[in-house]
Structures are given as C-alpha cells and as structure tokens.
Amino acid sequence: MSTKQNYPFYIKATMIMIGLYLFFYFLYILQDALKPLVFAFIIAVLLNPLYKRFLKLKMPPIAAISLTIFLGFFVIFSVAFFLGTQISQFSLMLPQFLQKSNLLIADLQKWLNSSFGISLQSQANMLRQGGEESKKYVADLLGSFVSSISTTVLIPVYVFLLLLYKKLLINFFFDVFEDSLAEKIANIQSQIQDSIQSYLMGLMIEMVIVAILNSVSLLILGIESAILLGVIGAILNLIPYVGGLIAILLPVTIAFVTKDNYLMPILVIVAYMIVQLIDNNYLVPKIVSSKVSVNAIVSILVVILGGNLWGVSGMFLSIPFVAIIKIIFDNIKELKPWGKILGDSLE
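Computed from a predicted model, the values in this text were never measured in an experiment.

Participant: What should I look at first to understand the overall build of the chain in this one?
Facilitator: A count of helices and strands for the chain gives 13 helices and zero strands. Element order for the chain, N to C, with α for helix and β for strand: α-α-α-α-α-α-α-α-α-α-α-α-α. By sequence separation, contacts in the chain at least 24 residues apart represent 67% of the contacts at least 6 residues apart. With the model as given, the accessible surface of the chain reaches about 22500 Å², and the carbon-plus-sulfur share is 72%.

Laid out in structure tokens, this is it:
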C-alpha cells in the first residue's frame, strides 16, 4: 500500500515559495562568502581541460594545478596590466577635460536660467546638495571595492582546492544518491561542465571580437585612447543586456569633451549601435546563447534579479546559473516541464 500523499496545489505552491524565499535570502546574506567561491567554481571549470592536459603529461596533481592556475591568472593580470597602463593616459587629458567641462557647465547653467528661470544660486545649491549625496555614494562604492579586493584574494585558493578535490566532490554526489541514479548524475555532471565551458569560451570569443570592432570604430573616428575604450566596452559587454549600453557612455563622454563639435558623440553612438546590432544578432546567438539554450525572456528576467541579489556579479553569473538549473530540470522526469519553459525551443 502506497503511503505517498498527494497534497493540494496551493500547499505545494506555498511550500515552494517559502523554500525559494529562504534559498535566495541565504544567498543574499551570505553573498560576501559565496561570491568568490562561485567565481572560483566558474574559473575551475574553465581551467579544467588545461589541468587534465597537464595530468596526461604525467605531471603530479599539485604541480599541474599550480601551473594551470599560474597560466590562467597570468592572462587575467596581463589584461589588467594593459588596462592600467592605458588608463594612465587619461591623466594627460585631465586639464582639457576640466576646461571643457567647465565651459559646458557654464553654458548649461545659462540655458537653464533663460529657458526655465532657474537662478544661478538655485543651481549652485542643487549642485552642492548633489555633491554631498555623491560623497556618501563614492564612500560606499570604495568600501565595496575594498571588500571585493579582499574576497578576490580567496579565488585562486578556492580554484586550487576545487581542482585538487574535484574527484572527492563528484564522488560525494554519487554516494548521496542511489546506485540506480549514477548514470543520470554522471550525465548531468558532464552536461553542466560542457555547457559552462562552452558558454565561457563563447563569451571570451565574443569579447575579443567586440573589442576589435569597438577599437576599429573609435580609431576611424579619431577618438583618443580608442583601444582602451574598445577593450573596456567589450568587458562591460560581458554583463548581459545592460553592459553594452553602459559601455557607450565613456567613449561618448570622451568625444564630447575632446572634440569641438557635437557631431562626433553622435557618430560614436551610431558606431556602437552598429557593433551592438552585430553582437546581438550574430555573435550572441551563434557563439554564446547557443551554448546554454535559455530563452530571451528568462535571460532578461534572471539578469535583473541577479543584479538585485548580487549586483554586477549576480548579473554576470545569472545566465550560467539558469543554464545549470535547466540541465538539472531536463534530466529529472518530474521537472522536465520547468526545463522546457526555460529553454528556447518553440516546439
């Protein structure tokens, strides 16, 4: 006789909502501890093929892991060094930037006074009030940046430990579930690994192509520090859907300050819009989105929710997270309808 109880839908829905609330609540309050671990997991999955190749060369595991991490972070720090040396060029533009900004502010104040009757004193008071509020915002931003730096130090340590104890962690899941599920668990683990690796490699390829397109466009337009702006735009573009829009602001500001006419900022916007059209209609569907098979509605929604939960980190991690959830749903009979609603199949 079966003892399984079939609870009403409203009870099931209530329990699911409570479970989801507690899950995301703990993700929120533990974000400082979990962020470096999640990023380390992503990096470990990305570096795993290189680690396995070193093992095939008969290298000891610890030596293979150390060399893998060194090469991986060498690439990251090389990019950071390049950006740092390029950013130093902005200091040469600072006097010109301040001079042009003061002229623009003076013209704007006169326009507000003549068009809307806002006196110069009222504008000065509003600027002073805005400055006081911005100081607090900048202080909070610096505090979060320092906190991020301190937690980022843990990422190489976590990557090392995840690669070292990879077999132990995988065997844990095999031991927890019944032997009859071993094949299904192995299939899920393989799909998750392949999906994340393909998605991240697709992102890297997309970033390089977008950086080249951005840089070439800005060089043609004669914008200063075109390569730096192009690379920064490509990095910001890694943030799904909103990063590309944010990336436009910096080159438009540089063009607005350094050029004597207002046509150049418009041309920069047009150039970046063309790059975004190429990216959204060819690069993302062919190189990135095809690796995770998550539909656009779910992608936009989880990016917004990820931003509310973990900020920029949450926006970046949201798509891989949903891709993992979809793979799990697709391999569990009772959850297949949920996996289907997350996917991009129209059938």
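Once the structure has been displayed, the description carries forward.
Participant: Sorry if this is basic, but what is going on with a nonpolar patch on the surface here?
Facilitator: Taken together, Tyr7, Tyr10, Ile11, Met15, Ile18, Tyr21, Leu22, Tyr25, Phe26, Tyr28, Ile29 and Leu30 make up a surface patch of nonpolar side chains, about 1300 Å² in accessible area. On the secondary structure map, Leu30 appears in the loop between α1 (9-29) and α2 (31-56). Judged by relative accessible area, which is 41%, Leu30 ranks as partly exposed.

Participant: How do you make sense of the nonpolar core when you look at a structure like this?
Facilitator: Inside soluble globular proteins, nonpolar side chains tend to come together where they are buried. Ile192, Ile196, Leu200, Leu203, Val298, Phe316 and Val322 are the most contacted members of the largest nonpolar core, which totals 24 residues. Broken down by secondary-structure element, the contributors of at least two residues to this core are α2, α8 (182-221) and α12 (296-330). Among the elements that make up this core, the one with the highest residue count is α12 (11 residues). Ignoring sequence-local partners within four residues, the contact set of Val322 consists of Val294, Val298, Val302 and Leu342.

Participant: Just checking my understanding: could you explain the packing of α2 against α12 for this structure?
Facilitator: Packed helices, taken two at a time, are described by their axes: the angle between them and the distance between them. Packing of α2 against α12 leaves a shortest axis separation of 11 Å and a crossing angle of 45°. Relative to α12, the element α2 is oriented oblique. The two elements α2 and α12 cross, and the hand of that crossing is left-handed. On the side of α2, the interface is formed by Gln31, Leu34, Lys35, Val38, Phe39, Phe41 and Ile42, while α12 contributes Leu309, Trp310, Ser313, Phe316, Leu317, Pro320 and Ile324.

Participant: Looking at this model, I keep getting lost on the pattern of salt bridges. Mind explaining?
Facilitator: Side chains that differ in sign of charge can pair as their charged atoms come close. Taken as a whole, this structure holds one salt bridge when the rule is applied. Two residues, Lys326 and Asp330, come together in a salt bridge whose shortest N-O distance is 2.7 Å. Taken together, the positions of Lys326 and Asp330, both in helix α12 and four residues apart, correspond to about one turn of that helix.

Participant: Would you mind showing me how to read the packing of aromatic side chains here?
Facilitator: A ring pair, where both rings are aromatic, is described by two values, the distance of the centres and the angle of the planes. Going through the model one piece at a time under the given rule, you end up with five aromatic pairs. For the ring pair Tyr21 and Tyr25, a centre distance of 6.1 Å and an interplane angle of 10° mean the geometry is stacked. In this pair, Tyr21 and Tyr25 both sit in helix α1, four residues apart, roughly one turn of the helix. Looking at Tyr21, the relative accessible area reads 57%, which means it is exposed. By relative accessible area, which is 40% here, Tyr25 ends up partly exposed. Ring geometry for Phe73 versus Phe77: centroids 6.3 Å apart, planes at 35°, classification tilted. Of this pair, Phe73 and Phe77 both sit in helix α3 (residues 61-87), four residues apart, which is roughly one turn of the helix. Phe73 sits in the buried class, given a relative accessible area of 11%. Grouped by ring-pair contacts, the aromatic residues Tyr21, Tyr25 and Phe26 constitute a single cluster.

Participant: Sorry, what's going on with the packing of α2 against α8 here?
Facilitator: Contact geometry of α2 with α8 gives a least axis separation of 9 Å together with a crossing angle of 95°. One element, α2, and the other, α8, form an angle in the roughly perpendicular class. Between α2 and α8, the contacting residues are Phe41, Ile42, Val45, Leu46, Asn48, Pro49 and Lys52 on the first element and Gln193, Ile196, Gln197, Leu200 and Met201 on the second. Residue composition of the contact of α2 with α8, grouped by class: eight nonpolar, three polar and one charged.

Participant: Help me out: how do you make sense of unusual backbone geometry in this one?
Facilitator: Negative phi values dominate among residues other than glycine, just as trans dominates among peptide bonds. With a phi close to 65°, Lys58 is a non-glycine residue in the positive phi region. Structurally, Lys58 can be placed in the loop between α2 and α3. Judged by its relative accessible area of 75%, Lys58 falls in the exposed class.

Cut-offs and rules
- Residues numbered from 1 in each chain as written.
- Predicted model: local features only at pLDDT ≥ 70, side-chain atom pairs only at ≥ 80, totals over all residues.
- Heavy atoms only, no water.
- Helix = DSSP H or I, 4+ residues; strand = E, 2+ residues; numbered from the N terminus.
- Contact = heavy atoms within 4.5 Å.
- Areas by Shrake-Rupley, 256 points an atom, 1.4 Å probe, with all protein chains shown as cover.
- Patch = residues over 30% accessible without salt bridge, like charges linked within 9 Å, V, L, I, M, F, W, Y side chains within 5 Å.
- Salt bridge = Lys/Arg side-chain N within 4 Å of Asp/Glu carboxyl O.
- Buried < 20%, exposed > 50% of the residue type's maximum accessible area, 1.4 Å probe, protein only.
- Core = buried A, V, L, I, M, F, W, Y, C linked by side-chain atoms within 4.5 Å.
- Axes fitted to C-alpha atoms, helices over the stretch in contact; angles between N-to-C directions.
- Parallel < 35°, antiparallel > 145°, perpendicular 65-115°, else oblique.
- Left-handed = near helix turned anticlockwise from the far one by under 90°.
- Phe/Tyr/Trp six-rings, centres within 6.5 Å; stacked < 30°, edge-to-face > 60°.
- Nonpolar A, V, L, I, M, F, W, Y, C, P; charged D, E, K, R; others polar.

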